[in-house]
Amino acid sequence: MKKMKPLVYLDHAATTPLKQEVVNAMLPYFSECYGNPSALYGLGEKSRNVITEQRKMIAKTLGTKGQNIYFTSGGTESDNWAIKSVAEQYRNRGNHIITSKIEHHAVLRVCEYLETKGYEVTYIDVDKQGKVDLEQLQASIRPTTILISIMYANNEVGTIQPIKDIGRIAKKCGIIFHTDAVQAYGQLDIDVEKEHIDLLSVSGHKIFGPKGIGFLYVGKDVKIGSWMHGGSQERQKRAGTENVAGIVGIGRAAEIAYTDRKRKNIILMGLRDYLIQRIEQEIPYVFINGSRKQRLPNNISVCIPFVEAETVLALLDAMGICVSVGSACTSRQTEASHVLLAMGMNENLAHNVIRMTLGEENTKEEVDFVVDKLRECVERLRRMSPNYEKFC
Ligand code: PLP
């Protein structure tokens, strides 16, 4: 049996550790190759060339060409840029945006902001599995609709959206289609051309790359404005000296993620399904959130009635296990997750949800350890719960 690491990390949807190959690829760009990519001498050219290489390589993973990739500081910036830019550039065509109720706040808050500026936003419902209602989406389209923004896969419950169908609807109606692929990229096959995706957001730290770097894919027919004004970096769309080491990091991480991902996904899905099966067999009354079939290979979102997810999280943390809760903390008050509520879950149950997201470094021994400890915690907490006693 392999020796277990002191920490069992099952929160890869929150962030991932850098792979050693990624660190190694980045290191020279902090020291020897520190030239400013805009500089005209050889040292600058080296930095410039390596950025071009990463752009081309990343574009290939999306089935497109290099000139469509713009580097940003991460998923949040890419989402902000995509949505605000379309709103501004296509204002003469209309002021209506369609999104879903289960988007990340990096999309929802931007839409809410735009509502204060005179834009109208329709927030599409999802079904119990977290899939967007395509009929409602189709029916929501107006002559003034300029943008549809629907995430590729959900960060809390892992449900994968029917992106190709949404892309087809958007294309047929001449509407720009943006997708937040922060959780999907690196795990799923994405082809922006076949799926009619006009704008796509990605973050480096979700794919075993560095924090503070991401990119926005922009289709060739899409108008985007200058996001940062200043120098002529990123074809005058995002001024500021490039984060060369970060760009090399996300490039190398993307390359690794897309090489051999089919084999890695089979392993991840095997571990995921094993974890789900053990939980369902050994902990009474649990249920899995999200789609069973259209689900990210690494996501397990489970509702464990009669136990507060935050208490479970704290107990597991004390044993060296990192998981997350299916609720978002805002201003010190824990609110039920907007994703779970949109899926029709009642508020009490939404506080009983924990999310575990696997990474390729996790092992079966770790999964066994986590299920054993989780079962013990749940049994302990339920023994102390008057509601559970009444229920039984
Ligand atoms: N979109 C989704 C779906 C996410 O899960 C996250 C981060 O959790 C973001 C956007 C924000 O990405 P970043 O942390 O790179 O700003």
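Right above here is the structure, for reference.
Residues numbered from 1 in each chain as written. Predicted model: local features only at pLDDT ≥ 70, side-chain atom pairs only at ≥ 80, totals over all residues. Heavy atoms only, no water.

> Would you mind showing me how to read the overall build of the chain here?
Along the backbone of the chain there are 14 helices and 15 strands. Taking the principal axes of the C-alpha coordinates as reference, the chain spans close to 70 × 55 × 40 Å. For the chain, the proportion of its 392 residues judged to be buried stands at 56%. Long-range pairs, those at least 24 residues apart, make up 72% of the contacts in the chain with a sequence separation of at least 6. One way to put it: in the chain the 50 positive side-chain charges average out to a point 3 Å from where the 46 negative ones average out. (Helix = DSSP H or I, 4+ residues; strand = E, 2+ residues; numbered from the N terminus. Buried < 20%, exposed > 50% of the residue type's maximum accessible area, 1.4 Å probe, protein only. Contact = heavy atoms within 4.5 Å. Lys, Arg positive; Asp, Glu negative; His and termini not counted. Charge placed at Lys NZ, Arg CZ, Asp CG, Glu CD.)

> Help me understand the packing of aromatic side chains in this model?
The description of an aromatic ring pair uses the distance of the two centres, along with the angle that the planes make with each other. Counting across every chain of the model gives 8 aromatic pairs. Between the aromatic rings of Phe306 and Phe391, the centroid separation amounts to 5.0 Å while the plane-to-plane angle is 45°, which identifies the pairing as tilted. Taken together, the residues Phe306 in the loop between β10 (299-303) and α10 (309-318) and Phe391 in helix α14 (residues 386-391) connect sequence positions 85 residues apart. Chaining the aromatic ring pairs together yields one cluster made of Tyr285, Phe306, Tyr388 and Phe391. Sitting over the face of the ring of Tyr113, Lys84 holds its NZ or CZ atom 5.1 Å from the ring centroid. The cationic tip of Arg235 hangs over the ring face of Tyr70; the distance from NZ or CZ to the ring centre is 4.3 Å. (Phe/Tyr/Trp six-rings, centres within 6.5 Å; stacked < 30°, edge-to-face > 60°. Lys NZ or Arg CZ within 6 Å of the ring centre and 35° of its normal.)

> Whenever I open this one, the site of the ligand confuses me. Can you help?
Around the ligand lies a shell of 13 residues, among which Thr76, Asp180, Gln183, Ser203 and Lys206 are the nearest. Interatomic distance of 2.6 Å between a side-chain N/O atom of Thr76 and an oxygen atom of the ligand. One of the side-chain nitrogen or oxygen atoms of Lys206 is found 2.6 Å away from an oxygen atom of the ligand. Against a free-state accessible area of 390 Å², the protein chains account for coverage of 86% of the ligand. Using a 2 Å cut-off from the grid points, one finds that the ligand occupies the second largest pocket. Element by element, the count of residues in the shell around the ligand is highest for helix α3 (residues 75-89), at 3 residues. When its residues are assigned to classes, the shell around the ligand shows 2 nonpolar, 8 polar and 3 charged. (Near = heavy atom within 4 Å. Polar contact = N/O pair within 3.5 Å; in protein donor to acceptor, adjacent residues only side chain to side chain. Areas by Shrake-Rupley, 256 points an atom, 1.4 Å probe, with all protein chains shown as cover. 1 Å grid on protein atoms, 1.4 Å probe; cavity = no way out; pocket = protein on both sides within 12 Å on 5 of 7 lines; lining within 4 Å. Sits in = over half its atoms within 2 Å of the grid points. Nonpolar A, V, L, I, M, F, W, Y, C, P; charged D, E, K, R; others polar.)

> What's the story with unusual backbone geometry in this structure? I'm lost.
Trans peptide bonds make up the majority, and among non-glycine residues the majority have a negative phi. Phi angles above zero are rare outside glycine, and Glu234 is one such case at about 45°. Position of Glu234 relative to the elements: it lies in helix α7 (residues 233-236). Look at Glu234 and you get buried, because its relative accessible area is 4%. Notably, Arg235 is not glycine yet its phi reads approximately 50°, a positive angle.

> Would you take a moment to explain helix α6 (residues 163-173) for this structure?
Since there are 3.6 residues in each turn of an α-helix, residues three or four apart along the chain are aligned in direction. All of the buried residues in α6 are Ile163, Ile166, Gly167, Ile169 and Ala170. Along α6, the residues classed as buried sweep out an arc of 160° about the axis, all on the same side. Across α6 from its buried face, at more than 90 degrees, point the exposed residues Lys171 and Lys172. Each element contacted by the buried residues of α6 is listed here: α5 (134-140), β5 (145-149) and β6 (176-180). Backbone geometry just downstream of α6 places Gly174 in the positive-phi region, at approximately 70°. (Arc of directions from axis to C-beta.)

> Help me understand the nonpolar core in this model?
Soluble, globular proteins show a tendency: their nonpolar side chains are buried together. In terms of nonpolar packing, the biggest core is built from 61 residues, with Tyr185, Ile190, Leu200 and Phe215 touching the most fellow members. Every element with two or more residues in this core is listed here: α1 (20-26), α2 (42-61), β2 (69-72), α6, β7 (199-203), β8 (214-218), α8 (244-258) and α11 (338-342). When residues of this core are assigned to their parent elements, the largest contribution, 10 residues, is made by α8. For Tyr185, the residues in contact, after removing those within four places along its chain, are Ile58, Thr61, Leu62, Ile190, Val202, Ile207, Phe215, Ala254 and Tyr258. (Core = buried A, V, L, I, M, F, W, Y, C linked by side-chain atoms within 4.5 Å.)

> Sorry, what's going on with the environment of Val182 here?
Within the fold, Val182 resides in the loop between β6 and β7. Exposure remark for Val182: the relative accessible area of 11% places this residue in the buried category. Each C-alpha atom of the pair Val182 and Thr76 lies 9.3 Å from the other, and the pair is 106 residues apart in sequence. Each residue touching Val182, except ones within four places of it in the same chain, is listed here: Gly75, Ser201, Val202, Ser203 and Lys206.

> Teacher, can you tell me more about the side chain of Asn95 here?
Within the secondary structure, Asn95 is located in the loop between α3 and β3 (96-100). For Asn95, the contacting residues outside a window of four places in its chain are Gly118, Tyr119, Glu120, Thr144 and Ile146.

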